[in-house]
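Commentary on secondary and tertiary structure
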Amino acid sequence: MGEIETGKILAMYRDMCIIRSFEFALEREFKKGNVPGMLHTGVGQEALLTAIAHSIRKSDGFFPDHRCHGLLVLAGTPGEKIMAELFGKATGVCSGKGGSLHSADPSVGNFGDNAVEGSFMVTALGVGLGWKMQGKDSVVAVMVGDGTSGRGEWHESLNLAATWKLPILYCCVNNGYAISTPVGESHATADLYEFAKAYKIPSVQVDGNDLLAAYEATQKAVAHIRAGNGPYFVEYKTWRWQGLFSGEFRPPEEVRYYKEEHDPIQMTRKLILDKNIADEAHLTKIEQEVNARIEDWVNFAMQSPLPNPEKATANVYVGWEVEKA
Amino acid sequence: MGEIETGKILAMYRDMCIIRSFEFALEREFKKGNVPGMLHTGVGQEALLTAIAHSIRKSDGFFPDHRCHGLLVLAGTPGEKIMAELFGKATGVCSGKGGSLHSADPSVGNFGDNAVEGSFMVTALGVGLGWKMQGKDSVVAVMVGDGTSGRGEWHESLNLAATWKLPILYCCVNNGYAISTPVGESHATADLYEFAKAYKIPSVQVDGNDLLAAYEATQKAVAHIRAGNGPYFVEYKTWRWQGLFSGEFRPPEEVRYYKEEHDPIQMTRKLILDKNIADEAHLTKIEQEVNARIEDWVNFAMQSPLPNPEKATANVYVGWEVEKA
Amino acid sequence: MKKMTMVQALNDALHIAMEENERVFVLGEDVGKMGGDFGVTRGLYEKFGAERVRDTPLSEAAIIGTAVGAAMVGMRPVAEIMFADFLTTCYDQIVNNAAKVHYMFDGQFKSSIVIRTACGAGFGGGPHHSQSVEGWFMNVPGLVIVAPSTPYDAKGLLIASIENDNPILFLEHKALYRIKEDVPEEKYTVPIRKAKIGREGKDVTIVASMWMYHLALNAAEDLASEGISAEVIDLRTLRPWDHETVLESVARTGRAVVVNEAPKIGGLSADISAVISEEAFSFLKSPVQRVAALDTPIPFSLILEKLILPDKEKIISAVHKTLKKA
Amino acid sequence: MKKMTMVQALNDALHIAMEENERVFVLGEDVGKMGGDFGVTRGLYEKFGAERVRDTPLSEAAIIGTAVGAAMVGMRPVAEIMFADFLTTCYDQIVNNAAKVHYMFDGQFKSSIVIRTACGAGFGGGPHHSQSVEGWFMNVPGLVIVAPSTPYDAKGLLIASIENDNPILFLEHKALYRIKEDVPEEKYTVPIRKAKIGREGKDVTIVASMWMYHLALNAAEDLASEGISAEVIDLRTLRPWDHETVLESVARTGRAVVVNEAPKIGGLSADISAVISEEAFSFLKSPVQRVAALDTPIPFSLILEKLILPDKEKIISAVHKTLKKA
Ligand SMILES: Cc1ncc(C[n+]2csc(CCOP(=O)(O)OP(=O)(O)O)c2C)c(N)n1
Ligand SMILES: Cc1ncc(C[n+]2csc(CCOP(=O)(O)OP(=O)(O)O)c2C)c(N)n1
Ligand SMILES: [Mg+2]
Ligand SMILES: [Mg+2]
């Protein structure tokens, strides 16, 4: 492991901490009633999210799903603007109109979530095609949960991306369940990269909790796409900490394994210590800094004003106002 | 080739002639203006249609597509009722309300076409599931054109059929084109059975113009399904004689090959003569009988009355009338 | 009698229907062990097993397709689409298949399905978890839309819908899931296509449904204290809705306010207003007033959401308008 | 000026738009070498190549998804859905994505797409190739529906639609594809959201669009010979439609007939009737009459199809009704 990788790993560890800390703060504020609507978090999926964030450029794009708050921040949107959006405040990245499920930011290539799971799989085709037609070498990443793989749009998207050789990176986040339903009980295979192979798309499965493995696979995929070879499919095996609203539903041994033995943060921390990339004190300092920053964002969100009422009727049509009564 | 197969081959040859003669008569009547709406025909695809008809039972079911007039007849609906339906007459199998694209007949397991191509791929799931829940061993066949393979319903259907082990026979009729678009230019592969493999469904490709090959593949598939092993996918490579409304658009050599060298009727005829199953005179007699019968159906359709005006508002709701003005 | 929430009343209806007829089965996302996102299918899996309580993948087209196909062979499927907003993804199966099967095949098949789904706004669900969707389906012949406003009606209408031979879109408003009332424990049905006069009055007729019905009742209460007597009608079936009850009421009151949670342009509210205006023309003392959502998607922030949705005050002010001379 | 069919006028518009702006591109089934099922995209492939004239598989969701995504990065896609009936299969992309992108992301993206599609009945197309679909989309905020009735308007409206920044559903009625009129060869636009008074009159206002507009003109001709003077309005934009022109006309004539090819319940006709009844209440001498299709799917047989569709006679008799005292 050379000089550069060392710095990179620490930077990525820091980003993983940002994701977890952000999500924990959110869960806390949600319980307090400060975050309206519904809340899904990416706790447990920090490694793959960080690997993706570090593999695409600002000139690339991505379609985040419902567990990607962290990715939005890593992509470059100021964290307080994401936090404020989730609080439904005027200072949010969409002025509070989008919330957790619809926080877009074109300035960093964030095309926003579509809460009809899987629907943006076909929208991404257009971004890839548009950029291709414009002669850009940009890549567009699309997040797809294991559950979301049931949608017909999966087929329409993969087929057309393959046929037109579009610059699309399919990031399939297989955390084993769609809400309560195990992936293998609702799909012909629990290994979703097998579906993708049928489209003659390079398709791999990787341990999404292993930061370096996820990073390497994503880097390779992006290089392939950027070279003009068309789409690439990466299945990240992972596990989400969030259970059901009613509580935990998964086997205790599975829960223990993922929280205690196969937690991406702990795994990366151990790697750093084992390889002597940094010491305990250094990591603790990173963690404390991150936590403090995130509390700043929470405070910013809390203190921000509610959206201007004008926003309720703004931007329905381009160029026309809607009736206000 | 034993005694029984010999009779079977002649019966199937006769059925192939019924399909072609039926479609030719239709094309003629369509040109004369006796058949309203649009017309698609199955000329060139007689072998695979016959193979399917001879592989499923009356207690099985099928979803015909837009090139299946012949299959409707082979399934057991009196030919004159199909012909009359296409003429929009009261004596039609749906009293003229359905036409070419919507001629259903539950008494022979014909669930009717859905002219939104591919949509019935998911409807078939319900028939398979319903029968399975009722403890029947019936099989349901679904016709899918190569072009129709682009629909998202493809994925939703294959995935769920595989997961629930439903008794569904996917009959993929790959005639090379969707209207004018070559299958290989709009799909990741021109060999569509490769798509199906991803679902861990047994999936084969067969020359759909070779009667015995098509028959054998279909028999095998149906046996597999009926034994409770879940769905099966057969891709029949074939070619449709019908070009575009504006005329022929395919390479002349391709047209020549399929019409002169690889025409299923000629191929089967040759097989019968080569194997001495029957002589020229016998075949000619079959052909003449078939043609005469089909003209009877045309005459029946021509002479039938138009639908009763009451039909226009009947059967919108079960149990309620609609306003008549 | 037992105090039940609407969730419990619906759950009770499903238990009764499934016990009574083994051809009734349930399918949808997480309807099995989990009992559905809102708990409506709770306990069914344990009682009736995985064969009749089927978890599906996120394949909404396949969910409805499966329901229609199963109905074509005599089953009685009850499909759940988790949020009504997602009906867009199975719109084809509903509009071009479920609603047409009986007609286009000349009565040879029935599409006896019930599609249950959770609709409605007011909780910060944002643009994809809050919509009132009846307007998308009003112009679809063959389709029936049922929408209860109370636990009692919810139970009776769901049983009636499962027994009915038509394809039924059954709308469950999220804001009503937790309201409680006395509900009989035995089986009963509430008639489809029959509106209910929830409060009698003589000055103005307010036509509403689901959550809006409750707002209308509240408004009527306030109006009463001003000396205005409002009759409040709960449509219960939204398509085809009960012209007779509404027109008879407007003929008496001479004034009408139509309340609907969906946007004003082209939705259910337009249909009701048009029919009243056309059919009760000579009775109307002032133009029909509509209280509906503004012509916008539903914003996430609660304060913005509130601005675009109907509320009690808007209903009261619409009633006031009908009482001014036109 | 050149005599052009509507197909030619639309084709001309596409040629002009694609020449002028290289970000305009066309996608859909068989739109390339074949030139589209109805010939509207003919010659584009030869002139602009396979990059900008893209044949797709039968993946309607992907067609619209691709259009929306491309618009999000500044392209100007014109998508063709072969028959309007198939819009059911991409309803999600239109309703929950195209129509909401601009609003839910706070104006940061535009969904400047045009969806061209062939609609309408009358030729034995049956239940899945004949529908009038505007009613499915009337209750969808953010969406614009444009529907020309003449070759001149078709060309001007299509160019205006491609230049417009909103998601536009552009309806082309199949019965109008072959009608001819003089059309300028150069570029021009016809304003969106502006209705046209196609014939002036003083006794009654007939509001129509597409094929129904022509039936209305024919009816007006017949009515004139009876001494009844009918004003005929072509809406041209169906959502949001031009209230001003219609209400101003009804204020003059005091009577209104609304004609729409879709079923009566809940469609465009309801919206128009409701708005006229509410806003022109004091001007109306008799109730608004509606001439629309019956509440049925569209049967295949021509004689049945004719029974359920509006025609000239039904329009005339509706006008007669408006002239009787209410
Ligand atoms: C089309 C659609 N169907 C259903 C839902 C409701 N829903 C939201 S998240 C979810 C589960 C998704 O599972 P998965 O893709 O595996 O994501 P995870 O939550 O496990 O990360 C469901 C069913 C939805 N949002 N969209
Ligand atoms: C969803 C849908 N999209 C488009 C069409 C119009 N259409 C009818 S047939 C056809 C081509 C179908 O090709 P294929 O499945 O290969 O059948 P083939 O005609 O070649 O037998 C198309 C595009 C349709 N009916 N339904
Ligand atoms: Mg998952
Ligand atoms: Mg084909």
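Here's a quick rundown of the structure. Bear in mind the structure is a predicted one, so any value in this text is a computation, not a measurement. (Residues numbered from 1 in each chain as written. Chains lettered and ligands numbered in written order. Predicted model: local features only at pLDDT ≥ 70, side-chain atom pairs only at ≥ 80, totals over all residues. Heavy atoms only, no water.)

Description of the overall build of chain A
Scanning chain A for helices and strands turns up twelve helices and seven strands. What you see for chain A is a C-alpha radius of gyration of 20 Å, in line with the 20 Å of a compact globule of 325 residues. Overall size of chain A, expressed as C-alpha extent along the three principal axes, is 60 × 50 × 40 Å. Of all 325 residues assigned to chain A, the portion counted as buried reaches 64%. Counted over contacts in chain A with a minimum sequence separation of 6, partners at least 24 positions apart contribute 72%. Separation between the mean location of the 32 positive side-chain charges and that of the 41 negative ones in chain A comes to 4 Å. (Helix = DSSP H or I, 4+ residues; strand = E, 2+ residues; numbered from the N terminus. Rg over C-alpha atoms; globule rule 2.2 N^0.38 Å. Buried < 20%, exposed > 50% of the residue type's maximum accessible area, 1.4 Å probe, protein only. Contact = heavy atoms within 4.5 Å. Lys, Arg positive; Asp, Glu negative; His and termini not counted. Charge placed at Lys NZ, Arg CZ, Asp CG, Glu CD.)

Regarding the relation of the copies chain A and chain B
Note on the identical chains: chain A maps onto chain B by a rotation of 180 degrees and an axial translation of 0.0 Å, with an RMSD of 0.0 Å. The relationship between the two copies is best expressed as a two-fold rotation axis. Identified as the residue of chain A closest to the rotation axis by C-alpha distance is Gly152 of chain A, at 1.8 Å. When the interface residues of chain A are mapped onto chain B, 100% of them again fall at the interface, so both copies present the same face. (Least-squares fit on C-alpha atoms with pLDDT ≥ 70 in both.)

Side note on the packing of aromatic side chains
Evaluated as defined, the whole model comprises 42 aromatic pairs over all chains. Between Tyr317 of chain A and Trp320 of chain A, the aromatic rings sit 5.8 Å apart at their centres with planes inclined by 45 degrees, giving tilted as the arrangement. Classification of Trp320 of chain A by relative accessible area gives partly exposed; the value is 21%. Through a chain of ring-to-ring contacts, the aromatic side chains of Phe63, Phe111, Phe120 and Trp131 of chain A together with Phe105 and Phe109 of chain D assemble into a single cluster. We note Arg20 of chain A situated over the ring of Trp241 of chain A; from NZ or CZ to the ring centre the distance is 4.4 Å. It is Lys97 of chain B that lies over the ring of Tyr103 of chain C; its NZ or CZ is 3.8 Å from the centre. (Phe/Tyr/Trp six-rings, centres within 6.5 Å; stacked < 30°, edge-to-face > 60°. Lys NZ or Arg CZ within 6 Å of the ring centre and 35° of its normal.)

A word on the site of ligand 2
Lining the immediate environment of ligand 2, one finds 20 residues, of which His66, Arg67, Thr148 and Tyr177 of chain B together with Glu60 of chain D sit closest. In this structure ligand 2 sits where residues from chains B and D come together. In this structure, Tyr177 of chain B approaches ligand 2 through a main-chain N or O atom, which is 2.7 Å from an oxygen atom. Taken by itself ligand 2 offers 580 Å² of open surface, and the protein chains cover 97% of this. Among the residues making up the shell around ligand 2, the classes are represented as eight nonpolar, five polar and seven charged. (Near = heavy atom within 4 Å. Polar contact = N/O pair within 3.5 Å; in protein donor to acceptor, adjacent residues only side chain to side chain. Areas by Shrake-Rupley, 256 points an atom, 1.4 Å probe, with all protein chains shown as cover. Nonpolar A, V, L, I, M, F, W, Y, C, P; charged D, E, K, R; others polar.)

So, the interface of chain D and chain C
Taken together, the 48 residues of chain D in the interface contact 47 residues of chain C. Between chain D and chain C lies a buried interface of about 4200 Å² when both sides are counted; carbon and sulfur atoms form 61% of it. Across the salt bridge formed by Glu278 of chain C and Arg290 of chain D, the nearest N and O atoms sit 2.7 Å from each other. On the surface where chain D and chain C come into contact, there are 24 residue pairs in polar contact (both at pLDDT 80 or more). Mapped onto the side of chain D that touches chain C, the elements with two or more residues apiece are helix H4 (91–98), helix H5 (101–104), helix H6 (134–137), strand E13 (256–263) and helix H10 (268–279) of chain D. For the side of chain D that touches chain C, the leading source of residues is H10 of chain D, giving seven residues. (Buried area = accessible area lost by both parts, 1.4 Å probe. Salt bridge = Lys/Arg side-chain N within 4 Å of Asp/Glu carboxyl O.)

As for the coordination of the magnesium ion (ligand 3)
Residue and element names in this part refer to chain A. Coordination of the magnesium ion (ligand 3) by the protein comes from Asp146 (OD), Asn175 (OD1) and Tyr177 (O), over a distance range of 2.0 to 2.1 Å. In terms of primary sequence, the donors binding the magnesium ion (ligand 3) are separated according to D-x28-N-x1-Y. For the pair Asn175 and Tyr177, one class covers both residues: buried. (Donors = N, O, S within 2.8 Å, 3.2 Å for Na, K, Ca; no water.)

Observations regarding the interface of chain A and chain B
Counting residues at the interface gives 20 residues for chain A, matched by 20 residues for chain B. Connecting chain A to chain B are two salt bridges. Among the ionic pairs, Lys200 of chain B bridges to Glu194 of chain A, the shortest N-O distance being 3.9 Å. At the surface where chain A touches chain B, the tally comes to ten residue pairs in polar contact (both at pLDDT 80 or more). Of all the secondary structure elements, the ones that give two or more residues to the side of chain A that touches chain B are helix H6 (152–164), helix H7 (183–186) and helix H8 (193–197) of chain A. At seven residues, the largest contribution of residues to the side of chain A that touches chain B is made by H6 of chain A. Grouping the constituent residues of the side of chain A that touches chain B by class yields six nonpolar, nine polar and five charged.

Structural notes on the pairing of strand E2 (residues 140–145) of chain B
Residues and elements named next belong to chain B. Counting buried positions along E2 yields six of six residues, so the element is predominantly enclosed. Here E2 shows a buried face lined by Val140, Val142 and Val144 and a second buried face lined by Ala141, Met143 and Gly145. In this structure, strand E1 (residues 61–63) lies alongside E2, joined through three bridges in parallel fashion. Residue pairing across strands places Phe63 opposite Val142, the latter belonging to E2. In the sheet, E2 pairs with strand E3 (residues 168–174) via six bridges, with the strands oriented parallel. Bridging from a neighbouring strand, Val142 pairs with Tyr170 of E3. Read as a crossover between parallel neighbours, the route from E2 over helix H6 (residues 152–164) to E3 is right-handed. (Pairing = 2+ DSSP bridges. Right-handed = clockwise from strand over helix to strand, strands pointing away.)

Quick notes on the sheet that holds strand E3 (residues 168–174) of chain A
All names here are of chain A. The sheet built from five strands is open, its strands ordered E1-E2-E3-E7-E6 with parallel pairing. Single-partner strands in this sheet number two, and they are strand E1 (61–63) and strand E6 (203–207). With strand direction ignored, the average angle separating the axes of adjacent strands in the sheet is 20 degrees. Packed on one face of the sheet, helix H2 (residues 46–53) meets strand E2 (140–145), E3 and strand E7 (232–237) and runs near 165 degrees to E2. Against the sheet, H6 contacts E2, E3 and E7, and its axis sits at roughly 145 degrees relative to E3. (Axes fitted to C-alpha atoms, helices over the stretch in contact; angles between N-to-C directions.)

With respect to the coordination of the magnesium ion (ligand 4)
Residues and elements named next belong to chain B. Only Asp146 (OD), Asn175 (OD1) and Tyr177 (O) from the protein coordinate the magnesium ion (ligand 4), and they sit 2.0 to 2.1 Å from it. Counting residues between consecutive donors of the magnesium ion (ligand 4) along the chain gives the motif D-x28-N-x1-Y. With Asp146 in the loop between E2 and H6 and Tyr177 in strand E4 (residues 177–178), this pair connects stretches of sequence that are 31 residues apart. In this structure, Asp146 and Tyr177 share a single accessibility class: buried.

Topic: unusual backbone geometry
Trans is the common state for peptide bonds, and a negative phi is the common state for residues other than glycine. For the peptide bond that leads from Arg239 of chain C to Pro240 of chain C, omega is -15 degrees, which places it in the cis range. Positionally, Pro240 of chain C belongs in the loop between strand E12 (237–239) and helix H9 (243–253). Positive phi is not limited to glycine here, since Ser95 of chain A has a value of about 55 degrees. Relative to the helices and strands, Ser95 of chain A resides in the loop between helix H4 (79–86) and helix H5 (120–133). The exposure class assigned to Ser95 of chain A is buried, which follows from its relative accessible area of 9%. Despite not being glycine, Asp106 of chain D has its phi angle at roughly 60 degrees, a positive value. Mapping Asp106 of chain D onto the fold places it in the loop between H5 and strand E5 (114–119).

A closer look at the environment of Thr66 of chain C
Tracing the chain through its elements places Thr66 of chain C in helix H3 (residues 60–72). A relative accessible area of 0% places Thr66 of chain C in the buried class. In this structure the C-alpha to C-alpha distance between Thr66 of chain C and Ala13 of chain C, which are 53 residues apart in sequence, comes to 22 Å. Among all residues touching Thr66 of chain C, those that are not within four sequence positions of it are Val122, Leu125, Gly126, Leu129, Leu160 and Trp164 of chain B together with Leu27 of chain C.

Some thoughts on the sheet that holds strand E11 (residues 230–234) of chain D
All names here are of chain D. Pairing is mixed across the open sheet formed by five strands, whose spatial order is E9-E11-E10-E13-E14. Since the sheet does not close on itself, it has two edges, and those belong to strand E9 (196–199) and strand E14 (289–293), each with one partner. For this sheet, the mean inter-axis angle between neighbouring strands, taken without regard to orientation, is 25 degrees.

Considerations on the nonpolar core
Counting 409 residues, the largest nonpolar core has Phe137 and Ile276 of chain C together with Phe137 and Ile276 of chain D as the members making the most contacts within it. Excluding residues that lie within four positions of it along the chain, Phe137 of chain C makes contacts with Leu87, Tyr91, Ile94, Val95, Leu143, Ile145, Leu169 and Arg239 of chain C. (Core = buried A, V, L, I, M, F, W, Y, C linked by side-chain atoms within 4.5 Å.)

Points about helix H1 (residues 6–20) of chain D
Taking 1.5 Å of rise per residue, 15 residues should cover 21 Å, and H1 of chain D covers 21 Å from first to last C-alpha, within 8% of that figure. Buried within H1 of chain D are the following residues: Met6, Val7, Ala9, Leu10, Asn11, Asp12, Ala13, Leu14, His15, Ile16, Ala17 and Met18 of chain D. (Expected span 1.5 Å × (residues − 1).)

Function cannot be read off these values alone, since they describe shape.
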